[in-house]
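# Examining the three-dimensional arrangement
The primary structure of each chain is shown beneath.
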Amino acid sequence: MREKPKYVRSQDHRQRLSRRELLSAFGGTAASRGLAQGAPRRDNPVVAENQRPGTAQWQLQYTEFDYPAYWQANPMIRGLRSSAVEGFVSKTSVAAGETLEFKISTSRAVNVLIDIYRMGYYGGKGGRHLARLGPFPSKPQPVPLMTIERLRECAWETTATLKVPKEWLSGVYLGKITREEPFGKQSYVIFVVKDHRPADLLFQCSDLTWQSYNKWPGNDSLYDNGLDLWSSTTQVRVSFDRPYTKYCQILDAPLSAGSGEFLLWEYPFAYWLESEGYDVTYCSNLDLDLDAAILNSRKAFLSVGHDEYWSRRMYDHVLAARNRGVSLGFFSGNTLCWEVQLFNSSLNNAPGRVFKRAGLFPDEQALMGLKSYGSGYGDWVVTKPTHWIYEGTGLSAGEAIPGLIGWEFHATPAQIPGLEVVAEAPLFPPEGWDGETPGGRMTGKRHAAVVFPGPKGNWVFNAGTIWWAEGLSHPIGHIPARHSIAGTLGPDARVQQITRNVLNRFIRDSRPA
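Residues numbered from 1 in each chain as written. Predicted model: local features only at pLDDT ≥ 70, side-chain atom pairs only at ≥ 80, totals over all residues. Heavy atoms only, no water.

## A word on the sheet that holds strand E16 (residues 338–343)
- Sheet architecture is open: four strands sit in the order E11-E17-E16-E14, paired in mixed fashion. The sheet is open, and its two borders are formed by strand E11 (237–239) and strand E14 (309–311), each paired with just one other strand. Between one strand axis and the next, the sheet turns by 45° as a mean value, whatever way the strands run.
- In the sheet, E11 pairs with strand E17 (residues 354–360) via three bridges, with the strands oriented antiparallel. For Arg-237, the partnering residue across the bridge sits in E17 and is Lys-356.
- Lying on the sheet, helix H8 (residues 312–323) is in contact with E14 and E16; it crosses E14 at an angle near 80°. (Pairing = 2+ DSSP bridges. Helix = DSSP H or I, 4+ residues; strand = E, 2+ residues; numbered from the N terminus. Axes fitted to C-alpha atoms, helices over the stretch in contact; angles between N-to-C directions. Contact = heavy atoms within 4.5 Å.)

Okay, structure coming up:
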């Protein structure tokens, strides 16, 4: 039996972070990049895009949320819906030249403006303003009745349309909707601009998970069965044809109104990637199912943050990509927990606009090397300090990066040839979901992170935590992750270096067929 290394917590690397950031406008020193081969090219489209002027005006300034009487006794986050101004778009992702429809509702007749921002680094501002649409007349639009499966699809009138300009680079885009009046209330819509150009990295947005937790207009998430506070039923359906409420779990984040969970768990990773100059493109969860070619001509696929809900076709397409030489980076937790079944919209037959749970994934370990679990909090504890992911970090066996694991995690390494456990530690609280059946329980929870080789010289890395991106950056507009019982401690130079080592190895070694 392998002797467990001594558990050591240290603070000094976190204190050096500000110096590291000051040494380079892109967040890392030349020396640190030289520690791993395959560093990003400095002449790619993402670098050029981030040299354009940024702005912090992408953030919401004035918000208003509803507090219905029936919700006041609910123990979850309150004030979720913003009926003062809310909306959604007709597609989760669009390519240049395609048309996007904006469906907007306001609590009374009023004009609205829509400002479009691409999210990235932009000298630390976090976004770039690309267009102002409007003003357009808006009015209250109806809340649809639910079906027997609690499905609500909003057959709303189109407020505005946008043909995506060909010069708009792939990325995550926010549409900030503002009522045109003094101190006008605001909320977001969110969409991805995708492309199929050759690039080093493909960043997947976890919008199936965002939508699963979306309670609009009140208690109408995939977890709501009309009876229980929290249900795992397979008989509920949800739709993308409705606004996103504010996020309903663990922390109160007003900027999540209309933006899903992107600003919570994924934005710090995208911000850091673009600050480092990586050549990255973006896609929706649905693209992996409906547009498998999105994985072509990319060296690595990235799952980031809270990536809980996948379809079987998504799984099969990513597995096929791994087998032909694409590297996989799971910088996420609770990933591949639930399998979903997709349905066409009953409004216009658009594919993938409706979905429900089909059941728990039985084989996530075969793809990503670990099993998916629920909540658990703790530290990243090093088990193999000589492994290449730790080059240049100075980490020793048993040394801990505090607060990096949460709020959901991975564990239980698979029996895969060449798989190495690079971090492992107990979690708090020790009791929790067993990952096997809804309602099943376990004791002695432990986090694990693994690396294993793919069949074509490529790699799979699984960090096993939703909160990995918290160790990379704390950009403008981001609320640090924290639950009532545990939280993160902010960016850490060692997490940044591990991430560089992993991504640079992906880029160097991946040669997809």
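On we go.
## Some points on the pattern of salt bridges
- A complete count under the given rule lists 32 salt bridges for this structure.
- The shortest N-O distance in the salt bridge between Asp-252 and Lys-246 comes to 2.9 Å.
- For Asp-252, a relative accessible area of 41% puts it in the partly exposed group.
- Lys-246 gets classed as buried once you look at its relative accessible area, which sits at 3%.
- In this structure, Asp-509 and Arg-508 form a salt bridge, with 2.7 Å as the shortest nitrogen-oxygen distance.
- Note on Asp-509: relative accessible area 18%, which makes it buried.
- Residue classification places Arg-508 among the partly exposed positions, given a relative accessible area of 30%.
- Here the salt bridges share partners, and the residues they tie into one network are Asp-195, Arg-197, Asp-279 and Arg-298. (Salt bridge = Lys/Arg side-chain N within 4 Å of Asp/Glu carboxyl O. Buried < 20%, exposed > 50% of the residue type's maximum accessible area, 1.4 Å probe, protein only.)

## Section: the sheet that holds strand E5 (residues 110–119)
- With mixed pairing, the five strands of this open sheet are ordered in space as E3-E9-E8-E5-E6. Two strands in the sheet have a free side with no partner beyond their single neighbour: strand E3 (93–95) and strand E6 (127–138). Between one strand axis and the next, the sheet turns through 30° on average, direction left out of account.
- In this sheet, strand E9 (residues 186–194) lies alongside E3 in parallel orientation, the contact comprising three bridges. Bridged to Ala-95 within E9 is Lys-194.
- Contacts between helix H6 (residues 262–276) and the sheet are confined to E5, strand E8 (171–179) and E9, with E5 contributing the most and set at about 45° to the helix.

## Overview of the packing of aromatic side chains
- What the rule picks out here adds up to 32 aromatic pairs.
- Centre to centre, the rings of Phe-269 and Phe-331 are 5.0 Å apart; their planes meet at 55°, and the pair counts as tilted. Here Phe-269 is found in helix H6, whereas its partner Phe-331 is found in strand E15 (residues 327–333), with 62 residues between them in sequence.
- Through a chain of ring-to-ring contacts, the aromatic side chains of Phe-203, Phe-269, Trp-272, Tyr-278, Tyr-282, Phe-331, Trp-380, Phe-461 and Trp-468 assemble into a single cluster. (Phe/Tyr/Trp six-rings, centres within 6.5 Å; stacked < 30°, edge-to-face > 60°.)

## So, the pairing of E17
- Buried residues dominate E17, accounting for five of its seven residues.
- Bridge count between E16 and E17: six bridges; the pairing is antiparallel. When the sheet's bridge partners are listed, Glu-339 is paired in E17 with Gly-359.

## Examining the environment of Gln-141
- Summarising the element assignment, Gln-141 is placed in the loop between E6 and strand E7 (160–163).
- With a relative accessible area of 11%, Gln-141 lands in the buried category.
- Once the C-alpha coordinates of Gln-141 and Tyr-244 are considered, the two residues, 103 residues apart in sequence, prove to be 15 Å apart.
- Dropping the residues within four chain positions of it, Gln-141 is found in contact with Ile-104, Ser-105, Trp-156, Glu-157 and Thr-159.

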